[in-house]
Amino acid sequence: MGRALYVYAIVRSGIRLPRIPGHAIERVDIGTFAAVAERRRTARPLSEKTLRDQFRVVERLHERVDAILPVRFGAFVDEEELRRIVTLRRRALAVALRKVRKKSQMTVRLLGRPAARLPAAAAATGTQYLLARAESARPAVSPLAETIRRAVARLAAAEAIDPGRGSIELTLHHLVANGRVARYRDSIERTVADLNSRSAIVVSGPMPPFAFAPDLWNAT
Amino acid sequence: VPFVESSEASLLDVIDSLLNKGVVLNADVMLALANVDLVYLRLSALLVAADRLHEG
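Basis of the calculations
- Residues numbered from 1 in each chain as written.
- Chains lettered and ligands numbered in written order.
- Predicted model: local features only at pLDDT ≥ 70, side-chain atom pairs only at ≥ 80, totals over all residues.
- Heavy atoms only, no water.
- Helix = DSSP H or I, 4+ residues; strand = E, 2+ residues; numbered from the N terminus.
- Expected span 1.5 Å × (residues − 1).
- Buried < 20%, exposed > 50% of the residue type's maximum accessible area, 1.4 Å probe, protein only.
- Salt bridge = Lys/Arg side-chain N within 4 Å of Asp/Glu carboxyl O.
- 1 Å grid on protein atoms, 1.4 Å probe; cavity = no way out; pocket = protein on both sides within 12 Å on 5 of 7 lines; lining within 4 Å.
- Points joined across faces, edges and corners; volume = space filled by probe spheres on them.
- Nonpolar A, V, L, I, M, F, W, Y, C, P; charged D, E, K, R; others polar.

A. Seen up close, helix H1 (residues 48-64) of chain A. Compared with the 24 Å implied by 1.5 Å per residue over 17 residues, the 25 Å span of H1(A) between its first and last C-alpha is a close match. Listed as buried for H1(A) are A:Thr50, A:Leu51, A:Asp53, A:Gln54, A:Phe55, A:Val57, A:Val58, A:Leu61 and A:His62.

Quick look at the structure:
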(Lines give C-alpha, C1' and ligand atoms only; values in the text may rest on other atoms or scores of the structure.)
Protein backbone atom coordinates (compact mmCIF):
# COMPACT_ATOMS: atom_id res chain seq x y z
CA MET A 1 0.00 0.00 0.00
CA GLY A 2 1.46 3.38 -1.00
CA ARG A 3 1.94 6.27 1.30
CA ALA A 4 0.29 9.63 0.94
CA LEU A 5 1.92 12.95 1.72
CA TYR A 6 1.44 14.90 4.88
CA VAL A 7 2.25 18.46 3.83
CA TYR A 8 3.75 21.07 6.18
CA ALA A 9 4.53 23.95 3.87
CA ILE A 10 4.94 25.24 0.35
CA VAL A 11 8.32 26.73 -0.58
CA ARG A 12 10.27 27.37 -3.75
CA SER A 13 11.66 24.35 -5.54
CA GLY A 14 15.32 23.50 -5.28
CA ILE A 15 15.97 24.80 -1.78
CA ARG A 16 17.89 22.75 0.73
CA LEU A 17 15.77 21.60 3.65
CA PRO A 18 17.07 21.52 7.20
CA ARG A 19 17.13 18.28 9.17
CA ILE A 20 14.25 18.10 11.58
CA PRO A 21 14.65 15.53 14.35
CA GLY A 22 11.85 12.98 14.44
CA HIS A 23 10.64 13.80 10.93
CA ALA A 24 11.60 12.35 7.55
CA ILE A 25 10.62 15.42 5.62
CA GLU A 26 11.29 15.63 1.92
CA ARG A 27 10.88 18.16 -0.85
CA VAL A 28 8.35 17.35 -3.53
CA ASP A 29 9.15 19.67 -6.42
CA ILE A 30 6.18 20.83 -8.48
CA GLY A 31 7.28 23.27 -11.17
CA THR A 32 8.85 26.28 -9.45
CA PHE A 33 7.33 25.29 -6.10
CA ALA A 34 7.94 22.50 -3.67
CA ALA A 35 5.84 20.93 -0.96
CA VAL A 36 7.67 20.10 2.24
CA ALA A 37 6.09 16.83 3.20
CA GLU A 38 6.47 13.51 4.87
CA ARG A 39 5.24 10.16 3.53
CA ARG A 40 2.81 8.51 5.91
CA ARG A 41 0.26 5.71 5.91
CA THR A 42 -2.23 7.67 8.01
CA ALA A 43 -3.07 11.28 8.70
CA ARG A 44 -1.80 12.89 11.87
CA PRO A 45 -4.36 12.73 14.68
CA LEU A 46 -5.52 16.05 16.07
CA SER A 47 -4.12 16.69 19.53
CA GLU A 48 -2.24 19.39 21.37
CA LYS A 49 0.93 17.33 20.99
CA THR A 50 0.62 16.98 17.21
CA LEU A 51 -0.31 20.63 16.80
CA ARG A 52 2.72 21.76 18.79
CA ASP A 53 4.92 19.34 16.88
CA GLN A 54 3.71 20.61 13.50
CA PHE A 55 4.17 24.20 14.63
CA ARG A 56 7.78 23.40 15.58
CA VAL A 57 8.41 21.82 12.16
CA VAL A 58 7.10 24.91 10.39
CA GLU A 59 9.03 27.23 12.71
CA ARG A 60 12.24 25.36 11.96
CA LEU A 61 11.59 25.61 8.22
CA HIS A 62 10.82 29.31 8.55
CA GLU A 63 14.16 29.87 10.30
CA ARG A 64 16.07 28.27 7.43
CA VAL A 65 14.08 29.14 4.32
CA ASP A 66 13.63 32.60 2.80
CA ALA A 67 9.99 32.22 1.86
CA ILE A 68 7.52 29.75 3.28
CA LEU A 69 3.77 29.33 3.14
CA PRO A 70 2.63 27.20 6.07
CA VAL A 71 -0.06 24.65 5.35
CA ARG A 72 -3.03 24.13 7.63
CA PHE A 73 -3.06 21.16 9.97
CA GLY A 74 -4.32 17.89 8.45
CA ALA A 75 -3.17 18.27 4.83
CA PHE A 76 -2.90 14.58 4.01
CA VAL A 77 -3.09 14.16 0.25
CA ASP A 78 -1.95 11.84 -2.47
CA GLU A 79 0.87 13.15 -4.61
CA GLU A 80 -1.22 13.49 -7.74
CA GLU A 81 -3.83 15.58 -5.92
CA LEU A 82 -1.10 17.77 -4.45
CA ARG A 83 0.48 18.34 -7.86
CA ARG A 84 -2.90 19.23 -9.33
CA ILE A 85 -3.81 21.90 -6.78
CA VAL A 86 -0.35 23.46 -6.66
CA THR A 87 -0.26 23.68 -10.45
CA LEU A 88 -3.79 25.05 -10.60
CA ARG A 89 -3.05 27.76 -8.03
CA ARG A 90 0.50 28.57 -9.07
CA ARG A 91 -0.21 32.27 -9.59
CA ALA A 92 -1.63 32.78 -6.11
CA LEU A 93 1.25 30.81 -4.61
CA ALA A 94 3.86 32.82 -6.53
CA VAL A 95 2.37 36.13 -5.36
CA ALA A 96 2.14 34.93 -1.76
CA LEU A 97 5.70 33.57 -1.69
CA ARG A 98 7.04 36.88 -2.98
CA LYS A 99 5.04 38.71 -0.34
CA VAL A 100 6.31 36.67 2.64
CA ARG A 101 9.95 36.49 1.55
CA LYS A 102 12.29 37.33 4.44
CA LYS A 103 9.34 38.30 6.59
CA SER A 104 7.66 36.98 9.72
CA GLN A 105 4.23 37.24 11.24
CA MET A 106 3.73 39.29 14.37
CA THR A 107 0.41 38.93 16.15
CA VAL A 108 -1.19 41.38 18.56
CA ARG A 109 -4.14 40.27 20.64
CA LEU A 110 -6.22 42.80 22.49
CA LEU A 111 -7.84 41.13 25.44
CA GLY A 112 -11.31 42.21 26.38
CA ARG A 113 -14.84 41.88 25.15
CA PRO A 114 -15.33 42.26 21.39
CA ALA A 115 -16.98 45.57 20.55
CA ALA A 116 -20.68 45.16 19.83
CA ARG A 117 -21.91 46.36 16.47
CA LEU A 118 -25.10 48.32 16.22
CA PRO A 119 -27.79 46.55 14.23
CA ALA A 120 -27.95 47.79 10.67
CA ALA A 121 -30.73 50.22 9.87
CA ALA A 122 -33.45 49.00 7.54
CA ALA A 123 -32.23 49.16 3.95
CA ALA A 124 -34.28 50.93 1.34
CA THR A 125 -32.47 49.33 -1.60
CA GLY A 126 -30.62 46.11 -2.38
CA THR A 127 -27.34 48.02 -2.61
CA GLN A 128 -27.85 49.55 0.83
CA TYR A 129 -28.64 46.10 2.19
CA LEU A 130 -25.44 44.60 0.75
CA LEU A 131 -23.34 47.52 2.01
CA ALA A 132 -24.85 47.14 5.48
CA ARG A 133 -24.11 43.40 5.43
CA ALA A 134 -20.52 44.01 4.40
CA GLU A 135 -20.10 46.63 7.11
CA SER A 136 -21.50 44.35 9.80
CA ALA A 137 -19.13 41.55 8.75
CA ARG A 138 -16.07 43.78 9.15
CA PRO A 139 -14.33 43.45 12.52
CA ALA A 140 -15.03 46.35 14.87
CA VAL A 141 -11.74 48.15 15.47
CA SER A 142 -11.49 49.95 18.82
CA PRO A 143 -9.56 53.22 19.25
CA LEU A 144 -6.77 51.25 21.00
CA ALA A 145 -6.49 48.83 18.07
CA GLU A 146 -6.50 51.77 15.68
CA THR A 147 -3.67 53.40 17.65
CA ILE A 148 -1.60 50.22 17.42
CA ARG A 149 -2.30 49.89 13.72
CA ARG A 150 -1.11 53.44 13.12
CA ALA A 151 2.00 52.89 15.25
CA VAL A 152 3.20 49.94 13.19
CA ALA A 153 1.83 50.90 9.79
CA ARG A 154 5.27 51.83 8.47
CA LEU A 155 6.81 48.59 9.68
CA ALA A 156 4.14 46.23 8.40
CA ALA A 157 4.20 45.01 4.83
CA ALA A 158 0.70 43.59 5.19
CA GLU A 159 -2.04 43.28 7.77
CA ALA A 160 -4.82 40.82 8.53
CA ILE A 161 -7.49 41.35 11.17
CA ASP A 162 -9.46 38.66 12.97
CA PRO A 163 -12.66 39.71 14.70
CA GLY A 164 -12.95 39.36 18.44
CA ARG A 165 -14.37 36.33 20.12
CA GLY A 166 -14.56 35.07 23.67
CA SER A 167 -12.08 37.04 25.75
CA ILE A 168 -10.28 38.48 22.76
CA GLU A 169 -11.44 41.87 21.57
CA LEU A 170 -9.53 41.72 18.30
CA THR A 171 -6.46 40.09 16.75
CA LEU A 172 -4.09 41.95 14.44
CA HIS A 173 -1.58 40.06 12.33
CA HIS A 174 1.26 41.93 10.65
CA LEU A 175 3.80 40.78 8.14
CA VAL A 176 7.11 42.30 9.18
CA ALA A 177 10.56 42.16 7.57
CA ASN A 178 12.81 39.92 9.68
CA GLY A 179 15.20 42.79 10.36
CA ARG A 180 12.44 45.05 11.69
CA VAL A 181 10.85 42.78 14.27
CA ALA A 182 12.59 44.43 17.24
CA ARG A 183 11.50 47.88 16.05
CA TYR A 184 7.95 46.59 15.65
CA ARG A 185 7.89 45.35 19.25
CA ASP A 186 9.45 48.55 20.58
CA SER A 187 7.02 50.64 18.63
CA ILE A 188 3.99 48.91 20.17
CA GLU A 189 5.47 48.95 23.65
CA ARG A 190 6.21 52.67 23.45
CA THR A 191 2.81 53.44 21.98
CA VAL A 192 0.76 51.65 24.60
CA ALA A 193 2.93 52.55 27.61
CA ASP A 194 1.11 55.77 28.35
CA LEU A 195 -2.35 54.83 27.18
CA ASN A 196 -5.14 54.41 29.64
CA SER A 197 -7.25 51.47 28.57
CA ARG A 198 -8.86 48.49 30.25
CA SER A 199 -7.59 46.17 27.51
CA ALA A 200 -4.39 44.20 27.89
CA ILE A 201 -2.21 43.48 24.91
CA VAL A 202 -0.33 40.30 24.08
CA VAL A 203 2.22 40.45 21.28
CA SER A 204 3.60 37.21 19.89
CA GLY A 205 6.09 36.41 17.18
CA PRO A 206 8.11 36.36 15.09
CA MET A 207 6.47 33.26 13.69
CA PRO A 208 5.87 31.74 10.25
CA PRO A 209 3.38 33.75 8.19
CA PHE A 210 0.30 31.60 8.77
CA ALA A 211 -2.13 34.51 8.48
CA PHE A 212 -0.71 35.47 5.09
CA ALA A 213 -1.02 32.13 3.36
CA PRO A 214 -3.34 32.35 0.36
CA ASP A 215 -6.84 30.98 0.21
CA LEU A 216 -6.35 28.45 -2.59
CA TRP A 217 -10.04 27.64 -2.82
CA ASN A 218 -11.02 31.13 -3.83
CA ALA A 219 -7.82 32.04 -5.70
CA THR A 220 -7.73 32.43 -9.46
CA VAL B 1 -2.08 49.37 29.04
CA PRO B 2 -0.75 46.05 30.36
CA PHE B 3 1.57 44.65 27.77
CA VAL B 4 3.05 41.18 27.34
CA GLU B 5 5.36 40.02 24.63
CA SER B 6 6.60 36.55 23.88
CA SER B 7 8.87 35.17 21.23
CA GLU B 8 7.69 31.66 22.09
CA ALA B 9 4.39 30.62 20.58
CA SER B 10 1.57 30.20 23.06
CA LEU B 11 -0.91 27.38 22.79
CA LEU B 12 -3.35 29.90 21.35
CA ASP B 13 -0.85 30.86 18.65
CA VAL B 14 -0.34 27.21 17.78
CA ILE B 15 -4.02 26.36 17.62
CA ASP B 16 -5.12 29.54 15.92
CA SER B 17 -2.37 29.32 13.29
CA LEU B 18 -2.69 25.67 12.41
CA LEU B 19 -6.46 25.29 12.55
CA ASN B 20 -7.61 28.66 11.27
CA LYS B 21 -4.81 29.82 9.02
CA GLY B 22 -2.38 28.44 6.50
CA VAL B 23 -2.79 27.09 3.01
CA VAL B 24 -5.69 24.65 2.73
CA LEU B 25 -4.76 21.83 0.38
CA ASN B 26 -7.67 19.48 0.80
CA ALA B 27 -11.34 20.10 1.43
CA ASP B 28 -11.46 17.21 3.93
CA VAL B 29 -9.55 19.37 6.38
CA MET B 30 -12.19 22.07 6.22
CA LEU B 31 -14.92 19.55 6.93
CA ALA B 32 -12.99 17.75 9.64
CA LEU B 33 -12.16 20.92 11.49
CA ALA B 34 -15.34 22.84 10.87
CA ASN B 35 -16.82 21.92 14.21
CA VAL B 36 -13.66 21.98 16.20
CA ASP B 37 -13.80 24.92 18.55
CA LEU B 38 -10.51 24.02 20.15
CA VAL B 39 -9.24 27.56 19.91
CA TYR B 40 -11.70 28.75 22.47
CA LEU B 41 -11.90 25.56 24.49
CA ARG B 42 -8.22 25.80 25.32
CA LEU B 43 -8.02 29.45 26.14
CA SER B 44 -7.34 28.78 29.80
CA ALA B 45 -3.61 29.45 29.47
CA LEU B 46 -4.23 32.84 27.95
CA LEU B 47 -6.92 33.70 30.47
CA VAL B 48 -4.60 32.91 33.34
CA ALA B 49 -2.02 35.20 31.76
CA ALA B 50 -4.63 37.93 31.40
CA ASP B 51 -5.67 37.63 35.05
CA ARG B 52 -2.07 38.03 36.12
CA LEU B 53 -1.78 41.12 33.99
CA HIS B 54 -4.78 42.69 35.64
CA GLU B 55 -3.48 41.80 39.09
CA GLY B 56 -0.19 43.50 38.26
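Picking up where we left off.
B. How the structure looks around the pattern of salt bridges. Residue and element names in this part refer to chain A. Per the counting criterion, the structure on display carries 13 salt bridges over all chains. Taking the shortest distance from any N to any O, the salt bridge between Arg52 and Glu48 comes out at 3.3 Å. Here Glu48 and Arg52 lie together in helix H1, a separation of four residues that amounts to about one turn. Arg52 gets classed as partly exposed once you look at its relative accessible area, which sits at 27%. Between Glu146 and Arg149 there is a salt bridge, with its nearest N and O atoms 3.3 Å apart.

C. Summary view of empty space enclosed by the protein. Applying the stated rule across the entire model yields one cavity of 30 Å³ or more. What the largest cavity holds in volume is close to 40 Å³. Considering the residues around the largest cavity, the lining is formed by A:Gln105, A:Thr107, A:Arg109, A:His173, A:Met207, A:Phe210, B:Asp13, B:Asp16, B:Ser17 and B:Lys21. At the level of secondary structure, the elements contributing two or more residues to the lining of the largest cavity comprise strand E6 (103-111) of chain A together with helix H1 (11-20) of chain B. Residue classes in the lining of the largest cavity are distributed as two nonpolar, four polar and four charged.

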